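Fold and contact review
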Amino acid sequence: MKGKVQFKILFFVLFIFSLIFVLLISNETITIADSQKITWDPNTNFNDGIDNWKYSRVNYVGKLDISKDLRLDYTFGLAQDTNGKVIYGGDDTVIRDSTRNNQSTYYSKINTFLDDNDKYVSALFQQGWKSQMTQLESTSPSSGDFMLVPDRTSSAVSTPDYSILTNFLSGKKHYQGTDANGKPTYKFAGDFIRNNNFGHYDLRMEVVLRPSPSNAAIVQRELYVKNVSGSTQSFGILYGEDTQLNGNDAVPIYALEKNNGIYIQSSQYKLLFDRSLPDGPSNYVVSQYNSASMDWTKGFSPANFSGTGTETKNLKYGDLILGGSGGIDTSYTMKWPYTTLKPGETAHYVSSVGVSQPKYAVPKVTKTYTNKTSTDGKNHIGDKLNFDLKIMNVGYNSNWSFTKLVDQIPDGLQIDPNSLVLKNTDGTTSKLPSENYDATTKTLTIPPALTVPDGKSASIQFDTTILSNAGGTTIHNLGIFSGIDAGSDDAEERSYTATADIPVEKTAFDYVFTKQVRNVTNGETTYKDSTNAKPGDTIKFKTQFTVNPASANSLNENSFIYEVLPKGLVGEIGSAVKTEYTNPALNGQTSFTDTQNMSAWIQKIDPGNSITMEFPATVTKTASGSISNTAKITPVTTSGGANLGTLHTNIANVVVQDTNISGFVQTPSLIDFGKINYSPENRLLTNISTIGQLLINHSAPTNYQVSVAYDNDDDNTKIKNETGDTLPPSSDGLMFIKQRESDPTVPGTWKPITSSGTPIQSTFFNATSPNLTNYVGVGDWKLAVNSQAKPGKYTGTLTWAMEDVPN
């Protein structure tokens, strides 16, 4: 490297001063005869993702850890003794038929609760609270759980008359199993058979309790309904709970973000009920519970199954919906769209509950997409999809450090690496470098280096294109979010997952259109989606269009294939471009009319036939980076009469590696130390986020060192506020960085940042990895704040340097 390469960044600390400074700084038992017991296999009748269900005569309790002593537990039936301690199973009423009395139902009830060092903390109403908890009927008698209503206008929906678990499951059986992560799962299964004034139904059902697949402390309450009759059946599904938190039956209810659900909260605990998940409810409402005549639809408008609910209000996170004063006994109802099932069809309904305690984060991760091309609600080959991978912290007075996102792009999707965007917790966006995507492994790896407080969210967004090989399939895409709960005792990095399923339509015209590349100068003989190159290299592209043998239609003639080379690549004017058909008699060649453009007329291609084109190009791009190249065919018409317009290939990438120049591709643009209130004491602040990444280009096979400098004597770079006040350094220094020994995952040692530069790693770098953001993320910087500091927004300048070190 030729000397030092310097880049500057800004950082700030915002002081909030108070007071003096106004400035910033009837009893009926339902008995089921043995002849009515279900005989179908619980492992094969529903596609619930569990294949090891076993019949169980007693209940067991599943546990999800939040901290060393706090857990979210889940079971069917009793889980508490008269001393308020958790019982980890043994309730044999789970195999009994259910009973009802007035507004109450007994046995087999869904039970989710907090386990605070074996102390039972209720999350829904428990009859008799502690004194009667050895009476097995006392578990959530007033909650409706899943309820089925026959009509769109059904109203006056009570727990005893409409609850699925407590009244209507013929041959009910209780099972236990484990999910893919080895976590306990429980379910009831049975037949819902009615032939009276209520309705005419022959349905098969199961109610499942399982941990969220995201790995967060969230339990999913799920209902599967299968039509086993020979005719179409219609019904509506509700889920209702009488809320209670640690014995408080009048707990207030607040809104989650964007009308996505609710949470209840005390000074010690917080529980959330989220509807923004696959197969989650479409409507919800909060209402006062009436122990004499509770109607679970009374809060909707109109007050029946067809009504809308609280989701129509423009509520913000933390808005109070009901309660807070006057001792209101609160409850909530979730509702799904009215369902019509044809014979053999299955419907799925999901409700969830999560939990937290002050200082603990609850990461809620989602992966969603928006089709930017089609407006018919379906996904088609060639459509562009915008993905949003979002992390929201729904914890309690907590912070979650977002350290890494990994997304391996699956077959059938092509990412645009130049479309990467980070949406920060304050709603602002920043473009991310394309270097975060590895085209060879098709893996996106981003270290956002952000702290997400509760009630806030951050997301990574990018565009993709559906490729031709995805027709008639469902693409499964998984995002892995990693981070650290700042309130956790162990500060261990944990990962949470979110998936998106993208069903793609299959058309009568079934084809594959691909483009690949190889580096001729480097001696490559195999075409790939991506290749590395340097200026002056000769590369070769191969474009192939195939009409699959199973296609019902052919490609008509009179289409043209176009190759347009992007900036950084040139073709040779007049150079031959080989075109090969499956039928050799059609073979020929064309040529580039200028250094960037080529087009060729395509003859008719029948099913099972193809055209392949190959041509060379020269790399002229001198700076490092990726060159994306596609080809297209237009106009496209088929023998079936379809006019498909223009078809595009996937992206073939040429990754240019500049071997002559090393330097910084990107440095952080902001290091945020947050806000503090005035206090007459010296403090050391740790940064809560780092905006921007630390990306380098160093392709030479030599050792090198990366350092950062701060000069407190230079008036142009020193830390000061709007009025020129400065921050005096402590005896140890003013700014510090957590210097690693050999790897960003080790704890590191705090080192003052000097004017001559402080290495971010005590040993030399000897790899060519371009992304060093994990060295400068959340918690990697400290700032000394003197007790005499004045109010204001402070900014300063850091200088980055990279230099080669002799091997």
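Whatever comes next refers back to the structure up there.
1. Focus on the overall build of the protein
- In terms of regular secondary structure, the protein is built from two helices and 59 strands.
- Overall, the protein is about 90 × 85 × 45 Å in size when its C-alpha atoms are taken along their principal axes.
- Among the 807 residues that make up the protein, the fraction classed as buried is 54%.
- A total of about 33,200 Å² of accessible surface is found on the protein, and carbon and sulfur atoms cover 47% of it.
- Side-chain charges in the protein split into 68 positive and 79 negative, and the spacing between the mean points of these groups amounts to 2 Å.

2. A short note on the nonpolar core
- Within the largest apolar cluster, 70 residues are counted, with the highest numbers of intra-cluster contacts made by Phe481, Ile539, Phe541, Phe545 and Val654.
- Setting aside its immediate chain neighbours within four residues, Ile539 contacts Val517, Arg518, Asn519, Val520, Ala533, Leu569, Phe615, Pro616, Ala617, Val619 and Val654.
- Of all hydrophobic cores here, the second largest spans 64 residues; its members include Ala123, Met147, Val251 and Met334.

3. Digging into the pattern of salt bridges
- Counted by the stated rule, this structure contains 20 salt bridges.
- A salt bridge links Asp780 to Arg740, with the shortest nitrogen-to-oxygen separation between them at 3.1 Å. With a gap of 40 residues between them, Asp780 in the loop between β57 (758-759) and β58 (781-785) and Arg740 in the loop between β55 (735-739) and β56 (749-752) connect regions that are remote in the sequence.
- By relative accessible area, which is 3% here, Asp780 ends up buried.
- Residue class for Arg740 comes out buried when judged on its relative accessible area of 5%.
- One salt-bridge network, in which partners are shared between bridges, spans Asp48, Lys187 and Glu206.

4. Side note on the packing of aromatic side chains
- In this structure the tally under the stated criterion is 30 aromatic pairs.
- Both rings, one in Phe146 and one in Trp336, keep their centres 6.0 Å apart while their planes meet at 40 degrees; by these two values the pair is tilted. Of the two residues, Phe146 sits in strand β10 (residues 145-149) while Trp336 sits in the loop between β21 (330-335) and β22 (339-341), which places them 190 residues apart along the sequence.
- Where Tyr201 meets Phe235, the ring centres are 6.4 Å apart and the plane angle is 75 degrees; that geometry is what we call edge-to-face. Within this pair, whereas Tyr201 is found in strand β13 (residues 199-211), its partner Phe235 is found in strand β15 (residues 233-242), the two being separated by 34 residues in sequence. Note on accessibility: Tyr201 and Phe235 belong to one class, buried.
- The structure contains a cluster of three or more aromatic residues connected by ring pairs, namely Phe146, Tyr239, Trp336 and Tyr349.
- The ring centre of Tyr263 lies 4.4 Å from the NZ or CZ of Lys270, which sits over that ring.

5. Digging into unusual backbone geometry
- Each neighbour pair has its own omega, and for Ser301 with Pro302 the value is 0 degrees, a cis peptide bond.
- The residue Pro302 is located in the loop between β19 (283-288) and β20 (320-322) in this model.
- Cis rather than trans, the peptide bond between Thr634 and Pro635 has omega equal to -10 degrees.
- Mapped onto the fold, Pro635 is located in strand β46 (residues 631-637).
- Of note in this structure, Asp118 is not a glycine but carries a positive phi near 75 degrees.

6. Examining the sheet that holds β13
- With antiparallel pairing, the 10 strands of this open sheet are ordered in space as β3-β11-β12-β13-β14-β23-β18-β17-β16-β20. Of all the strands in the sheet, just β3 (54-55) and β20 have a single pairing partner and so form its edges.
- Strand direction decides the pairing type here: strand β18 (residues 270-274) and strand β23 (residues 346-356), joined by three bridges, are antiparallel. Across the sheet, the residue bridging to Leu271 is Val355, located in β23.

7. Considerations on the side chain of Gln693
- Relative to the assigned elements, Gln693 resides in the loop between β52 (689-691) and β53 (695-697).
- Taking the relative accessible area as the measure of exposure, Gln693 reaches 2% and is therefore buried.
- Residues contacting Gln693, with those up to four places away along its chain left out, are Leu432, Pro433, Asn436, Ile446, Pro447, Gln666, Thr667, Pro668, Asn771 and Thr773.

8. So, the side chain of Asn371
- Checked against the element boundaries, Asn371 lands in strand β24 (residues 363-371).
- Within the structure, the side chain of Asn371 is placed 2.8 Å from the backbone nitrogen of Ser374, a separation counted as a polar contact.
- At 3.0 Å, the side chain of Asn371 forms a polar contact with the side chain of Asn379.
- Apart from the residues lying within four places of it in its own chain, the contact partners of Asn371 are Lys378, Asn379, Asp383, Lys384 and Leu385.

9. Concerning the sheet that holds strand β8 (residues 110-116)
- Read across the sheet, four strands follow the order β4-β5-β8-β9 without closing on themselves; strand pairing throughout is antiparallel. A strand with exactly one partner marks an edge of an open sheet, and here the two such strands are β4 (62-65) and β9 (119-121). Put simply, the sheet's adjacent strands are angled 30 degrees from each other on average, direction ignored.
- Two elements, β8 and β9, share three bridges in a ladder whose sense is antiparallel.

10. Topic: the environment of Ser154
- By the secondary structure assignment, Ser154 is in the loop between β10 and α1 (159-162).
- Sequence separation of Ser154 and Pro184 is 30 residues, and the distance between their C-alpha atoms is 36 Å.
- Ignoring sequence-local partners within four residues, the contact set of Ser154 consists of Val149, Thr297, Asn304 and Phe305.
- In terms of polar contacts, Ser154 uses its side chain to reach the backbone amide nitrogen of Asp151, at 2.9 Å.

11. Quick look at the environment of Ala652
- Following the sequence through the fold, Ala652 ends up in strand β48 (residues 652-656).
- Classification of Ala652 by relative accessible area gives buried; the value is 0%.
- Between the C-alpha atoms of Ala652 and Asp529, which are 123 residues apart in sequence, the distance is 5.0 Å.
- Discounting residues that sit within four places of it in the chain, Ala652 has contacts with Lys515, Gln516, Val517, Asp529, Phe541, Ile627, Ser628 and Asn629.

What counts as what
- Residues numbered from 1 in each chain as written.
- Predicted model: local features only at pLDDT ≥ 70, side-chain atom pairs only at ≥ 80, totals over all residues.
- Heavy atoms only, no water.
- Helix = DSSP H or I, 4+ residues; strand = E, 2+ residues; numbered from the N terminus.
- Buried < 20%, exposed > 50% of the residue type's maximum accessible area, 1.4 Å probe, protein only.
- Areas by Shrake-Rupley, 256 points an atom, 1.4 Å probe, with all protein chains shown as cover.
- Lys, Arg positive; Asp, Glu negative; His and termini not counted.
- Charge placed at Lys NZ, Arg CZ, Asp CG, Glu CD.
- Core = buried A, V, L, I, M, F, W, Y, C linked by side-chain atoms within 4.5 Å.
- Contact = heavy atoms within 4.5 Å.
- Salt bridge = Lys/Arg side-chain N within 4 Å of Asp/Glu carboxyl O.
- Phe/Tyr/Trp six-rings, centres within 6.5 Å; stacked < 30°, edge-to-face > 60°.
- Lys NZ or Arg CZ within 6 Å of the ring centre and 35° of its normal.
- Pairing = 2+ DSSP bridges.
- Polar contact = N/O pair within 3.5 Å; in protein donor to acceptor, adjacent residues only side chain to side chain.
- Axes fitted to C-alpha atoms, helices over the stretch in contact; angles between N-to-C directions.

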